[in-house]
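Report on the structure
Given next are the chains, with one letter for each unit.
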Amino acid sequence: MSNKLLELLKLLSEKAWERIKDKLNEHPEYAKRTLLLKIKLAKGIGAFYLHVTPDGVKVLPTKPKTNATLVVSMPYSVFSGILKKQIDPDYAVSKGWITFETKDWFYHYTILREYLEGMIEAIGD
Amino acid sequence: MIYILVHSAKGGVGKTFIACNLTKHAWKKGYNVALLDLDIHNPCCHIYVKPQKPKEIEDIYSQKLNPYKAEDGFNFFSLIYHFPEYGITWDEEMTAQAIDVMLNKIKWGADFLVIDLPPGTDRVVQTAIRNIKEKGKRCKGVVVAAPNTGAILGAKRAIDVLKTEGIEIAAVVENLSDFPLFNEHIDDFCKQNGYKLIKVPCLKTDDMASNPLIEGFLTRDYDWSELVEVVFGE
């Protein structure tokens, strides 16, 4: 994966984080939860990870050691479609394009929604 | 909480209509009841109960999702607000987890939960029944039929599934019981097997357009009390 893409994602993630952190801070319990997004690259050439914690977002080339509340996995094409507003996140979940590796996904799903919406808004800036 | 499963193996017999009206009329009679639309592939209860979104999606202190409020005031939940018009194509694990959250992580605050099950006897129905039974909760079945061969078969199959799982059949409801084009009835089967049969005629509902061809046989003032008492009374 190119450094440019990593840099861009880092920038977007930081902006997305700025947008959601106030909302999360209103609810201390809610803000304790963490999100790990695994973005799978085409043709099985690997993946990168977005780790959202109360301290911010990190873009990582390898899977971090974490007990994230919600671990989500999706192909890069779906992730990029969501950011370009070509795919509604709810639609991607309904079709099973976004999969969840942690239990109670439906309960914690709001975290993912908030984060993706934050990223989409950040792109609009 | 006691779970009331509204079921039939046949689609289109009126499970949703009966489940919504059963909940509405039980609520009006003073029972603390809520409604869950578990027909995850084609949820439609919202059409009948006209719910309002909760202010917050989640109650963080109880770590549960807040239910929606039906027009009449009872609590309600459906997937319609997460996946409005999308066809769900989840695998077994994702489906089972969503069902588990809907059954156990909604702040129901009710003594009874009426569950509108999807048609069929497959994965969603089995997962829901087993989830409830594993937690040792009490369950009752309300099986919906209509006066035609396919619907009666669907009712018998639903009864078979519920009985296999050890669930008591509180009532068999024959919906559209006076529909003039249908003439097969489930009366004998219920009599032979000792099931309480409640007949619900073709009803004239508020949102139904006026049609002189059918106006004549539509019942306007059906009394739901008998069904409510049979299902909710001890």
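Residues numbered from 1 in each chain as written. Chains lettered and ligands numbered in written order. Predicted model: local features only at pLDDT ≥ 70, side-chain atom pairs only at ≥ 80, totals over all residues. Heavy atoms only, no water.

Moving on, we get to the overall build of chain B. When helices and strands are counted, chain B shows eight helices and ten strands. For 234 residues, the compact-globule estimate of 2.2 N^0.38 gives 17 Å, and chain B sits close to it at 17 Å. The C-alpha extent of chain B, read off along each of the three principal axes, is 50 × 40 × 35 Å. In chain B, which comprises 234 residues, the proportion classed as buried is 55%. As displayed, chain B has an accessible area near 10700 Å², and 48% of this comes from carbon and sulfur atoms. (Helix = DSSP H or I, 4+ residues; strand = E, 2+ residues; numbered from the N terminus. Rg over C-alpha atoms; globule rule 2.2 N^0.38 Å. Buried < 20%, exposed > 50% of the residue type's maximum accessible area, 1.4 Å probe, protein only. Areas by Shrake-Rupley, 256 points an atom, 1.4 Å probe, with all protein chains shown as cover.)

Spatially, five strands are ordered S3-S2-S1-S4-S5 (chain A) in an open sheet, and the strand pairing comes out mixed. Of all strands in the sheet, those with a lone pairing partner are strand S3 (56-60) and strand S5 (99-100) of chain A, marking the two edges. (Pairing = 2+ DSSP bridges.)

Counting residues at the interface gives 24 residues for chain B, matched by 22 residues for chain A. Here chain B packs against chain A, burying approximately 2100 Å² in sum over the two surfaces, 60% of which is carbon and sulfur. Three residues stand out in chain B for area buried against chain A, namely B:Ile60, B:Tyr86 and B:Met94, and they jointly supply 27% of the buried area on that side. Counting the contacts that link chain B with chain A gives two salt bridges. Here A:Arg33 and B:Glu58 are joined by a salt bridge, their closest N and O atoms 2.7 Å apart. Taken together, chain B and chain A are joined by eleven residue pairs in polar contact (both at pLDDT 80 or more). Counting only elements with at least two residues in the side of chain B that touches chain A, the list comes to strand S4 (64-65) and helix H3 (92-104) of chain B. (Contact = heavy atoms within 4.5 Å. Buried area = accessible area lost by both parts, 1.4 Å probe. Salt bridge = Lys/Arg side-chain N within 4 Å of Asp/Glu carboxyl O. Polar contact = N/O pair within 3.5 Å; in protein donor to acceptor, adjacent residues only side chain to side chain.)

The next thing to look at is the packing of helix H3 (residues 76-83) of chain A against helix H5 (residues 105-124) of chain A. Residue and element names in this part refer to chain A. Where H3 meets H5, the closest approach of the two axes is 9 Å, and the angle between their N-to-C directions is 60 degrees. Between H3 and H5, the angle is such that the two are oblique. Here Phe79, Ile82 and Leu83 of H3 lie close against H5, whose contacting residues are Leu116, Met119, Ile120 and Ile123. Within the contact of H3 with H5, the residues separate by chemical class into seven nonpolar, no polar and no charged. (Axes fitted to C-alpha atoms, helices over the stretch in contact; angles between N-to-C directions. Parallel < 35°, antiparallel > 145°, perpendicular 65-115°, else oblique. Nonpolar A, V, L, I, M, F, W, Y, C, P; charged D, E, K, R; others polar.)

Time to look at the sheet that holds strand S8 (residues 138-145) of chain B. Residues and elements named next belong to chain B. Strand order in the open sheet made by the eight strands is S5-S6-S2-S7-S1-S8-S9-S10, with mixed pairing throughout. Edge positions in the open sheet fall to strand S5 (68-69) and strand S10 (197-200), since each of these has one partner strand only. Packed on one face of the sheet, helix H1 (residues 15-28) meets strand S1 (2-7), strand S2 (33-37), strand S7 (112-116), S8, strand S9 (168-175) and S10 and runs near 160 degrees to S2. On top of the sheet, helix H4 (residues 123-134) reaches S1, S7 and S8; it is set at about 165 degrees to S1, its chief contact.

Residues and elements named next belong to chain B. With 14 residues, H1 should reach 20 Å at 1.5 Å per residue; the first-to-last C-alpha distance of 20 Å fits that figure. The buried fraction of H1 amounts to eleven of the 14 residues, a majority that puts the element mostly inside the structure. One or two steps after H1, the chain reaches glycine 30, where phi turns positive at roughly 105 degrees. (Expected span 1.5 Å × (residues − 1).)

Moving on: the packing of aromatic side chains. Residues and elements named next belong to chain B. Scanning the entire structure with this criterion turns up 22 aromatic pairs over all chains. With a centroid separation of 5.9 Å and 85 degrees between ring planes, the pair formed by tyrosine 31 and phenylalanine 112 is classed as edge-to-face. Here tyrosine 31 is found in the loop between H1 and S2, whereas its partner phenylalanine 112 is found in strand S7, with 81 residues between them in sequence. Overall, phenylalanine 112 belongs to the buried group, its relative accessible area being 10%. (Phe/Tyr/Trp six-rings, centres within 6.5 Å; stacked < 30°, edge-to-face > 60°.)

Summary statistics for chain A give a mean pLDDT of 83 and a share of 90% for residues scoring 70 or more. Across chain A, element-level confidence peaks in strand S4 (residues 70-75) of chain A with a mean pLDDT of 94 and bottoms out in helix H2 (residues 28-31) of chain A with 63. (pLDDT = per-residue confidence, 0-100.)

Residue and element names in this part refer to chain B. Within the structure shown, the criterion is met by zero disulfides over all chains. The closest cysteine sulfur to the non-disulfide-bonded cysteine 44 is located on cysteine 45, 7.8 Å from its own sulfur. Note on cysteine 202: no disulfide assigned, nearest cysteine sulfur contributed by cysteine 190 at a separation of 18 Å. The class for cysteine 202 is buried, based on a relative accessible area of 4%. (Disulfide = S-S within 2.5 Å.)

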